[in-house]
Amino acid sequence: MVPETSDLPPAVAPVEVAVIGAGYVGLTSAVCFAHLGLRVVCADVDEKKVRALAAGRPTHHEPEIEDLLRAGIDRGNLRFVVGAEAAVGDADVVFLCLPTPMADDGRPDLSYLTDVATAIGPCLRPETVVVDKSTVPVGTATLVADCLDRSDVTVVANPEFLREGQAVHDFLNPDRVVIGGDDHGAVDRVAALYAPLGCPVVRTDAVSAEITKYAANAFLVTKLSFANSVAAVCEALGGDAHDVLLGVGYDHRVGHAHLRPGPGWGGSCFPKDVHALLHLAHDAGEPFHLLQAVLDANESQFDRVAARIVALASRGGQDPVVAAWGLTFKADTDDLRESPAIAVLRRVSAAGVRVQVYDPVTDAERLATFDPDLGVSVASDAYAACAGADLLVVLTEWGEFARLDLERVAGMLRTPQVFDTRGVLDRSELERHRLLPPPLERS
Ligand code: UGA
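To keep things clear, this report deals only with the structure shown in the data block.

Conventions adopted
- Numbers given to residues run from 1 along each chain, matching the order in which its sequence is written.
- Residue-level local features of this predicted model are given only where pLDDT is at least 70; pairs of side-chain atoms are given and counted only at 80 or more, and the full residue set underlies all totals for whole chains, interfaces and linings.
- Remark: hydrogens and water are excluded; side-chain values derive from all non-hydrogen atoms of the structure.
- What makes a residue near a molecule or strand is one non-hydrogen atom of that residue sitting within 4 Å of it.
- Polar contact is the term for a pair of N or O atoms within 3.5 Å; when the atoms are in protein, one must be able to donate a hydrogen and the other to accept it, and sequence-neighboring residues count only if both atoms are side-chain atoms.
- Per-residue accessibility takes into account occlusion by the displayed protein chains alone, with areas from the Shrake-Rupley method and a 1.4 Å probe.
- Numbering of helices and strands runs from the N terminus; a helix is a DSSP stretch of H or I covering at least four residues, while a strand is a stretch of E covering at least two.
- Residues were grouped as follows: Ala, Val, Leu, Ile, Met, Phe, Trp, Tyr, Cys and Pro as nonpolar; Asp, Glu, Lys and Arg as charged; and all remaining residues, including Gly, as polar.
- The pairing criterion is simple: DSSP has to find at least two bridges between the two strands.
- For this analysis, a ring pair means two rings from Phe, Tyr or Trp (six-membered ring only for Trp) whose centres lie within 6.5 Å, classed as stacked if their planes differ by under 30 degrees, edge-to-face if by over 60, and tilted for the remaining angles.
- Exposure is judged per residue with a 1.4 Å probe applied to protein chains only, and the accessible area is read against the type maximum: over 50% gives exposed, under 20% gives buried, and values in between give partly exposed.
- For a ring to carry a charge above it, either NZ of a lysine or CZ of an arginine must fall within 6 Å of the ring centroid while also lying within 35 degrees of the normal to the ring plane.
- Lines fitted to C-alpha atoms define the axes here, with helix axes fitted over just the stretch in contact, and angles between the N-to-C directions of these axes take values from 0 to 180 degrees.
- Here is the rule for handedness: rotate from the far helix to the near one, and if that takes an anticlockwise turn smaller than a right angle the crossing is left-handed, while a clockwise turn gives right-handed.
- Contacts are residue-level and defined by heavy atoms, with any inter-residue pair within 4.5 Å sufficient.
- The term disulfide is used for any two cysteine sulfur atoms that are within 2.5 Å.

## Details of the site of the ligand
- Inspection of the region around the ligand gives 21 residues, with L162, E164, N217, H258 and R422 positioned closest.
- Between the ligand and the protein, one listed contact pairs an oxygen atom with a backbone N or O atom of F161 at 3.1 Å.
- R422 places a polar side-chain atom, nitrogen or oxygen, 2.7 Å from an oxygen atom of the ligand.
- Relative to its unbound accessible surface of 710 Å², the ligand loses 96% to contact with the protein.
- Every element with two or more residues in the shell around the ligand is listed here: α9 (206-237) and α11 (270-283).
- A per-element tally of the shell around the ligand places α9 first, with four residues.
- Across the shell around the ligand, the residue classes break down as ten nonpolar, three polar and eight charged.

Here it is, written out as structure tokens:
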């Protein structure tokens with residue numbers, strides 16, 4: 001729920017905030033800070049994107065963002081400009097929300113961040129606080145300060161903990177805010193921006209703030225690989241993974257969050273951050289063996305799910321065809337980066353199985369641009385994907401999948417069986433329509 005602006009305590013204005021980068025983190029931060037009553041200017045290098053955003057049209061799929069975008073523009077406290085230099089001249093606080101993609105060696109590529117810091121250095125007012133919001137390796141706050149080359153400007157680390165698909169909700173209802181820096185005054189100025197949200201604030205040094213973000217994601221993937229490994233054991237022994245993990249998660253020391261098994265974990269953050277932390281730990285002489293095992297377990301999960309799909313589809317005889325629902329890395333986002341669905345389907349297609357996929361937000365053109373070699377065809381709707389297939393596999397937990405007519409699905413499939421990797425479909429309905437696949441054969 002987005003709280004009404006009028007319900008919030010008065011903002012700590014007048015503060016002008018510049019947000020550099022209008023991606024998932026930057027745009028969310030910009031619209032939410034504007035919602036909290038701050039004056040916000042958001043910059044991006046992509047002119048087309050800036051034009052769309054300035055006209056109130058979001059450039060990626062994210063619930064609730066359009067309303068806040070339009071409200072901020074209408075209120076007059078949210079604007080968009082091309083280029084970081086154009087945004088920072090009057091800013092009291094500058095948030096760097098730039099991509100840190102994984103380079104070929106598995107380490108984050110920091111060139112976007114360092115290029116922007118170098119460019120904006122001369123444009124900043126004295127006493128400006130520059131905030132690293134991107135997930136960055138330890139020591140980046142110092143690196144950014146070096147690039148800014150301004151003794152009268154302070155750098156603070158304030159990692160974000162947003163989930164795509166719930167980004168606005170997470171920003172406005174944070175579990176905590178972590179702010180790290182040596183200058184306590186600068187840390188307090190950043191903390192004041194979040195004061196209306198009334199959440200715990202962890203004040204620390206920059207290095208600890210930077211590690212906190214990696215450690216949080218490392219814990220979450222550990223939980224996920226654990227859940228997927230338990231699911232594999234359940235499948236082999238004839239147990240029901242969803243029931244088992246429900247039982248485990250009720251222990252308040254464990255909790256149910258991020259304990260849902262699936263085809264493996266992915267997305268634009270987890271794989272990148274896991275690799276980055278593995279490198280950081282290795283370089284520091286403290287190899288993180290547990291995290292390496294978590295990563296290996298995820299690769300095994302992709303292999304295991306793909307092998308199961310191929311085996312089930314082959315029950316239909318020669319030239320098996322698989323229908324797949326879901327392509328994005330999870331529901332409620334249009335982000336295809338490091339998608340587990342794609343990792344699995346790449347393996348299935350490499351095994352010579354034909355795949356017909358349906359995804360609520362990805363058409364054939366978009367998939368072809370993203371991954372021209374995946375070798376799957378894209379159907380116009382969920383039922384069309386099932387036509388003549390020997391198995392339907394559900395790879396993403398979109399709510400709309402749960403509302404589809406399984407009787408109709410059963411009628412479209414050549415071999416009526418459904419492998420629901422996310423547990424999103426109604427199990428009793430699957431049973432009623434005889435769509436549950438046979439248990440795994442023990443070797
Ligand atoms: C993740 C973290 O959850 C955020 O806290 C963090 O801020 C963000 O990375 C980041 O570093 O920027 P996000 O990548 O949006 O957020 O996605 P999640 O909702 O965490 O899902 C990641 C993957 O785990 C997806 O593939 C998802 O399908 C999978 N997942 C998640 C499961 O398989 N089961 C679950 O119970 C939850």
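Having seen the model, we can carry on.
## Here we look at the sheet that holds strand β13 (residues 418-420)
- As summarised here, the arrangement of the five strands in space is β11-β10-β9-β12-β13, forming an open sheet in which the pairing is parallel. Taken across any chain shown, the strands that pair with only one partner, and hence form the sheet edges, are β11 (377-378) and β13.
- Note: strand β9 (residues 321-325) against strand β12 (residues 391-394), four bridges, orientation parallel. Looking at the pairing, A323 lines up with L392 of β12.

## Considering the packing of aromatic side chains
- Under the defined criterion, the tally for this structure stands at seven aromatic pairs.
- Aromatic pair W325 and F401: ring centres 5.3 Å apart, planes at 35°, arrangement tilted. Linking W325 in strand β9 with F401 in helix α16 (residues 399-402), this pair joins segments that are 76 residues apart in sequence. Of the two residues examined, W325 and F401, each falls in the buried class.
- The ring of F161 is capped by R176, whose NZ or CZ atom sits 3.6 Å from the centre of that ring.
- The ring of F419 carries R308 above its face, with NZ or CZ at 5.7 Å from the centroid.

## Focus: the packing of helix α5 (residues 111-120) against helix α6 (residues 140-148)
- Viewed as axis vectors pointing N to C, α5 and α6 meet at an angle of 40°, and their least axial separation amounts to 7 Å. For α5 against α6, the interelement crossing comes out right-handed. From α5, L113, T114, A117, T118 and I120 reach across to α6, where they touch T140, L143, V144, C147 and L148.
- Class assignment for the residues of the contact of α5 with α6 results in seven nonpolar, three polar and no charged.

## Quick word on the environment of T415
- Within the element layout of this structure, T415 appears in the loop between α17 (406-412) and β13.
- Take T415: its relative accessible area is 15%, and that puts it in the buried class.
- In sequence terms T415 and R315 are 100 residues apart; their C-alpha atoms lie 8.0 Å from each other.
- Excluding its chain neighbours within four sequence positions, the residues that come into contact with T415 are G316, A389, D390 and L391.
- Separated by 2.7 Å, the side chains of T415 and D390 make a polar contact.

## Quick word on the state of the cysteines
- Taken as a whole and assessed by the stated rule, the structure comprises zero disulfides.
- Cysteine C199 shares no disulfide, and the gap to the nearest cysteine sulfur, in C32, comes to 13 Å.
- Overall, C199 belongs to the buried group, its relative accessible area being 13%.

## Quick notes on the side chain of T362
- Assignment of secondary structure puts T362 in the loop between β10 (354-358) and α14 (364-370).
- Side chain to side chain, T362 and D359 meet in a polar contact 2.7 Å long.

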